[in-house]
Amino acid sequence: MKRIQSSTILLACFSLVFASMMIQCTSGDSKSPQDKKIKEIVSTMTLEEKVQYLVGTGMFINLPDSIRRQFGRRDEAEEDTAYTNMVDRVRTYLPGAAGFMAEFPEKGVTSQVLADGPAGLRISPTREGDEHTYYCTAFPIATLLASTWDTELVYTVGEAMGNEVLEYGADVILGPGMNLQRDPLCGRNFEYYSEDPLVTGKMAASMVKGVQSNNVGTSIKHFAVNNQETNRMSVNVIVSERALREIYLRGFEIAVTEAQPWTVMSSYNKVNGPYTSESHDLLTKILRDDWGFEGYVMTDWGGGSDVVAQMEAGNDVIMPGRPQQIREIITAVKDSMLDESVLDRNVSRALRVMMKTPRYNKYPFSGASDLEAHAEIARQAAADGMVLLKNSESALPMDPAIKGVACFGNTSYDIISGGTGSGDVNEAYTISLFEGLGNGGYTPDAELAEVYNQYIEAEREKLPKPRNMFEAFMRGNVLLPEMSVSNDLAQQLAEKAEIALITIGRNAGEGGDRQAVEGDFYLTPVEKKMIRNVSDAFHTNNKKVIVVMNIAGVIETASWREFADAVLCAWQPGQEAGNAIVDVLSGAVNPSGKLAISFPMLYEDSPSVKNFPGQAVEMEGMEDDRPDQSGFSFMRRRPWEVVYEEDIYVGYRYYNTFDVPVAYEFGYGLSYTTFAYDNLELSSTDFTGELTVSIEVANTGDVAGREVVQVYASAPEVKLNKPEEELVAFGKTRLLEPGETETLSFIITTRDLASFDEATSTWTAEAGTYTIKIGASSKEIKASYDFTLEEALTAGMVSKALVPEREINRLTEK
Ligand code: BGC
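Residues numbered from 1 in each chain as written. Predicted model: local features only at pLDDT ≥ 70, side-chain atom pairs only at ≥ 80, totals over all residues. Heavy atoms only, no water.

Asker: Describe in detail the nonpolar core, supporting the description with residues and values.
Answerer: Of all hydrophobic cores here, the largest spans 221 residues; its most connected members are Tyr 53, Phe 408, Phe 538 and Phe 599. Discounting chain neighbours no more than four positions away, the residues touching Phe 538 are Ala 406, Phe 408, Ala 490, Leu 493, Ala 494, Ala 497, Ile 499, Ala 500, Lys 543, Lys 544 and Val 545. The next biggest cluster of nonpolar side chains, apart from the first, holds 33 residues, and it includes Leu 680, Val 693, Leu 744 and Ala 754. (Core = buried A, V, L, I, M, F, W, Y, C linked by side-chain atoms within 4.5 Å. Buried < 20%, exposed > 50% of the residue type's maximum accessible area, 1.4 Å probe, protein only. Contact = heavy atoms within 4.5 Å.)

Asker: Any details on the pattern of salt bridges? Residues and values, ideally.
Answerer: Counted according to the given criterion, the structure contains 44 salt bridges. Note that Glu 510 is salt-bridged to Arg 232, the shortest N-O span being 3.0 Å. Highlighted residues: Glu 510 in the loop between strand S12 (499-505) and helix H20 (525-540) and Arg 232 in the loop between strand S4 (217-223) and strand S5 (236-238), separated in sequence by 278 residues. Owing to a relative accessible area of 5%, Glu 510 belongs among the buried residues under this scheme. With a shortest N-O distance of 2.6 Å, Glu 641 and Arg 806 are connected by a salt bridge. Remark: Arg 806 occurs in the segment after strand S28 (793-797) and Glu 641 occurs in strand S17 (residues 640-643); sequence separation between them is 165 residues. In this structure Glu 641 comes out as buried when scored by relative accessible area, which is 15%. (Salt bridge = Lys/Arg side-chain N within 4 Å of Asp/Glu carboxyl O. Helix = DSSP H or I, 4+ residues; strand = E, 2+ residues; numbered from the N terminus.)

Asker: Explain the site of the ligand to me, using residue names and the numbers behind them.
Answerer: For the ligand, the set of nearby residues contains 14 residues, the closest of which are Asp 116, Arg 188, His 222, Asp 300 and Glu 510. At 3.3 Å, a side-chain N or O of Arg 232 approaches an oxygen atom of the ligand. Glu 510 places a polar side-chain atom, nitrogen or oxygen, 2.4 Å from an oxygen atom of the ligand. Contact with the protein chains removes 96% of the 310 Å² of surface that the ligand exposes when unbound. Considered class by class, the residues forming the shell around the ligand number six nonpolar, two polar and six charged. (Near = heavy atom within 4 Å. Polar contact = N/O pair within 3.5 Å; in protein donor to acceptor, adjacent residues only side chain to side chain. Areas by Shrake-Rupley, 256 points an atom, 1.4 Å probe, with all protein chains shown as cover. Nonpolar A, V, L, I, M, F, W, Y, C, P; charged D, E, K, R; others polar.)

Asker: Kindly report on the sheet that holds strand S6 (residues 263-266), identifying the contributing residues and their values.
Answerer: Spatially, the six strands line up as an open sheet ordered S1-S2-S3-S4-S6-S8, and their pairing is mixed. Edge positions in the open sheet fall to strand S1 (99-100) and strand S8 (296-298), since each of these has one partner strand only. For S6 and S8, the ladder comprises three bridges, and the chain directions are parallel. Within S8, the position partnered with Thr 263 by the bridge is Tyr 296. (Pairing = 2+ DSSP bridges.)

Listed below in C-alpha cells is the structure:
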C-alpha cells in the first residue's frame, strides 16, 4: 500500500486515478468476445423481450386473492399467449424454486432459476406423479457456521450446497444472508453470521466461493441494512455514512471484492430516504463504482415500489415479477420517461451471468446429489460451530462410563434444525437429541421420552391450522409451550439416570422479530422451574446437569446458568443436529466454536434497544396506524423509521467501550483442552502500510483441540472517536495434539486500522499509538504490542453516498 499524506489535493488525485482505472476496466472489458455476443443478443431483442427478461415470471401459486394480486395474476398476462406459454414452461423447470426468469431460445436467451436459501437449497421435495424425492441437505444456520471461525469449513459447506444447486437444476441460490446482527431480537439473525462485519464478510466470501466453485451462482442478501423484520417492507433506516461504511456495508464489501458473487439481492427497506432497490447511491456508486461488482442486482420478493426508479438505480432484475411491472416499464420507455439504454445495460448484466449458468451451458443435471456425503459435512460443521459456554469441574465430556441419560425439554425430542421462512430447507430427516444419543451408544430414558412425545403430540393438536400456504410459511416459528417438570418427575429420573440433559429451544424466522419477553429472549417460569427442579434432584444424587441451547439467536443466560454444570450453545445445527450435539457431549469432537455475537446480561443492555424496531412516522392521510407486520408488499406500507443512534457501537464495540458487562462476550468459547499463547512477533515496529503479526499457540491440555485466535486493534482518537478495540483478523489452528504447537500469522493493512472519515469520504488511519491485541476472546487478551504511526495514512477515497437526511443524535461519548 502506498503511503499518502492526507491532504485533500492528494485525495482528489487518488480518486481521479481510481475513477479512470474503473473506466478503463469497463471499456477494456467491452472488447471481449463475450461482450460482443451480449451486444449482439441485446440488439436482436425487442423492447418487450428485454423487459420480460428483467421482470421475473411471477409467483402464480395458491395464495389468497389479496396476496395473489401482489405476485401477479395469471389472467393479467393472458392476452399475450406467447408470453404466458413461455411462463408456463419455465415455471416447471424446478418445482419449489422462488423465481424464474424468462427465456427466448431463438435469441439464445435462457431462463435463470433462482431458489432459496442460506442453510441449503429450498425446493419441493416431492413432485406429483414422480416417485423420486428431491430432498436437500439442511446445513447448520449461518450463525453457527460463523461460530466455527473456520473459513475453509464454510467453503466446504458451500461446495456441498452448490452441488445440490447444480444437480437439482437451479442456476442461482438465494444466499448467503449477511446482514449484521445489530439487535439480538432480529427474527432473521439465524440466517446471518455475526455482529462483526469482518467475520460476516469473510464467512460470506467463503460461502460464495464454495457454492460458485460448482459453476452456479449466489445472491448475497439483503443489500443492505435489513436488520429487522418489523416493517421490513417500509422502514426507513437513518444511519450515518460512517456506520454504513464501517459496519453495515463492510461485510458486503468484503464478499464482493473477495468472491464476486454472481448476483446481489437488494433489501426491502429504505436507507436514508429511498428504498435500497431504488437507490442509485447504493447499487451503482457503492456497489459497482467503489467495489467493482460485475454481476446483476435483483430485488427481494416484491421489494420497492417504483420499477422505473429501480431500473435506473441499477436494480437490474425485478423479482418475482408481475405483468403490471412489465407494462409500467414499457410505458415509461414509450413515454420517454426511461431511456431504453438503461434496459440494455441491465439486460447485458443479466446475460453476462446467464452465460455462466448451467442452464445456458446445457449442464445435464441428474436430479440427485450425494446427500450422504453432505450429511457428514453438515454434521462436522454443526459440531465445530457449537460453543461451550460453561463447563464446571469438567462436567463435559460426559464420563465414558455414563450410559443412562434423562432428556428434559421438548426440543430434546422435537429438535429445531433451522429457522423458518425462506431460510428453511426441506430435508429428508432431522436427528433429534434423543436419537443422537441412541446412535452414540447411550441409553436415553425411554419412559421419559414417551411422556414428552405424548405431550408434544397433544400440544401440536391444539395449534390452529394455517388456512393457506402463506400462513403456514409465516407461522412456522410457533414454539410449543415447554412441558412442566415437577419435583417428583425430576426426582424419579435422578434416581435412575446417570446424567440430565435439558434442552432450551427457540425458533424465529422471516416475517417477524423476536420479543424481549418470557418465552423468547427470557426463559419462561416453566423453563426456569424445569432447570431448577432437575438441577436440585440430580445434584442431590451427585449427578451432573447439562443445558443444551437449541436456539436461533441470543437468549438470556445469566439468571439460570448457575444451576447447570455445563452449558452448550448448539444453535440450530441442521439435519444432523442430534448426532452433532452428541459428538460434542461425548468428546468425540472437542468443541472449538466461539461466539460471533455477544450475549448481554439483559436484553435492555443492548446498544440498539432504544431504537429497535423504530417508530411510526406521522403522515397526513394515514388514518390507520397499524404497522405492517412485515411480510410482503401487499401489506400496508405504513411509514416507519428507525434511527441507528448507537452508530458504530454495535455488539462488542459497544459493550467493551462502555464497560457494560455481558453474560458471554464476543469471541468467547471453551474447549476440553487448554491453550497457551507465546512469542507474539511483528514484522516491523514501523508501520508503513502493512504488518505481519504472528503468534505461537500450544495445546497445553490432555486432549487434541483447535483454538480460534482473534486479532484486535485499538486505534488512537484524534479526530474520530474509536471503539475500545475492533477485530482486524482471525484464524484457527489445525487439530493440535497435546503438547503440539502451531504458529499463526496475520497481515494487517492500513485499511484494517482505518476509520471512515465522512468529511473526506476517506479511509484514514490517524497518527498516534496503536495496540495490536491477540485474544482468545474480545476480553481475554493473551498478548499485545504497541506501535506508532507518525503521520496519518489513508486507504482510499470512495463515493460520497447515502448521506442521511438529517442530523443523527449519535453515541460518541465514552
Ligand atoms: C425473502 C428473501 C427470499 C425471497 C424468495 C423473501 O421474502 O426476504 O430472503 O430469498 O423471499 O423466497
